[in-house]
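Here is what each chain is made of, one letter per residue.
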Amino acid sequence: MSRQSHSKTQDDVYTFVRRVAGHQGWELNQDPEFLDDLVSGLRQNYARYGYFLCPCRDGTGERHKDRDIICPCVYNVPDQREYGHCFCALFLDRRFAASGKRPQPIPERRPESLFE
Ligand code: SF4
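Residues numbered from 1 in each chain as written. Predicted model: local features only at pLDDT ≥ 70, side-chain atom pairs only at ≥ 80, totals over all residues.

Here we take up the overall build of the protein chain. Across its full length, the protein chain holds five helices and two strands. Order of helices (α) and strands (β) in the protein chain, N terminus to C terminus: α-β-α-α-α-β-α. A compact globule built from 116 residues would reach a C-alpha radius of gyration of about 13 Å, and the protein chain, at 14 Å, matches this within 12%. By its C-alpha atoms, the protein chain is 45 × 35 × 25 Å across when sized along the principal axes. By residue count, 30% of the 116 residues in the protein chain fall in the buried class. (Helix = DSSP H or I, 4+ residues; strand = E, 2+ residues; numbered from the N terminus. Rg over C-alpha atoms; globule rule 2.2 N^0.38 Å. Buried ≥ 20, exposed ≤ 12 C-beta atoms within 10 Å, placed from the backbone.)

On to helix H4 (residues 76–83), then. For H4, the full list of buried residues reads Asn76, Asp79 and Gln80. For H4, the buried positions fall inside an angular range of 100° around the axis, keeping them on one side. Those residues of H4 that are exposed and aimed more than 90 degrees away from the buried face are Pro78, Arg81 and Glu82. Where H4 ends, the next residue or the one after it, Gly84, has phi of about 95°, a positive value. (Arc of directions from axis to C-beta.)

With that out of the way, let us pick up the nonpolar core. If you look at soluble globular proteins, the nonpolar side chains tend to sit buried side by side. Residues Leu42, Cys54, Cys86, Cys88, Leu90 and Phe91 are the most contacted members of the largest nonpolar core, which totals 21 residues. Only helix H1 (10–24), helix H2 (32–49) and strand S2 (91–92) provide two or more residues apiece to this core. For this core, the element with the highest residue contribution is H2, accounting for four residues. When neighbours within four sequence positions are excluded, Leu42 is seen to be in contact with Val13, Phe52, Pro55 and Cys71. (Core = buried A, V, L, I, M, F, W, Y, C linked by C-beta atoms within 7 Å. Contact = placed C-beta atoms within 7 Å.)

Close contacts around the ligand come from 13 residues, with Cys54, Cys71, Cys73, Cys86 and Cys88 the closest. Considered class by class, the residues forming the shell around the ligand number twelve nonpolar, one polar and no charged. (Near = placed C-beta within 6 Å. Nonpolar A, V, L, I, M, F, W, Y, C, P; charged D, E, K, R; others polar.)

Right, let's talk about H1 for a bit. Taking 1.5 Å of rise per residue, 15 residues should cover 21 Å, and H1 covers 21 Å from first to last C-alpha, within 8% of that figure. Two residues or fewer past H1, Gly25 is found with a positive phi of approximately 80°. (Expected span 1.5 Å × (residues − 1).)

With that settled, the discussion passes to the environment of Asp11. Position of Asp11 among the secondary structure elements: in helix H1. Asp11 sits in the exposed class, given 10 other C-beta atoms within 10 Å. Counting along the chain gives 73 residues from Asp11 to Gly84, while the straight-line C-alpha distance between them is 26 Å.

What follows is about the packing of H1 against H2. At a minimum axis distance of 9 Å, the contact between H1 and H2 shows a crossing angle of 110°. With respect to H2, the axis of H1 lies roughly perpendicular. Contacts from Gln10, Val13, Tyr14 and Val17 in H1 reach Val39, Ser40, Leu42 and Arg43 in H2. Residue composition of the contact of H1 with H2, grouped by class: five nonpolar, two polar and one charged. (Axes fitted to C-alpha atoms, helices over the stretch in contact; angles between N-to-C directions. Parallel < 35°, antiparallel > 145°, perpendicular 65-115°, else oblique.)

This is the structure:
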């Protein structure tokens, strides 16, 4: 696959995250600048790796090793249930978003054994 085919625009990535949130019944982070930074991170990771590696974690660049942290990651739902939002605070639980609370740093749920 060529580099060219790995490029996505910022709008493409916004479309992706809005679709995921809409489909799953989640909200996006309501801070426009913070959201834009996360979307940029996803876009850069897509350009670099060819998949939406989590924008706030380090991956290996090998899809099969990173598969649990390809957005939306497997830790997203339990983190939303426990804390109201995912590790990066890109996706928010609807009730959490409606509460007006601000996302806070949360513990990394990914097992250390999966870190390279
Ligand atoms: S923590 Fe959030 S932004 Fe990162 S991969 Fe999981 S769902 Fe996506």
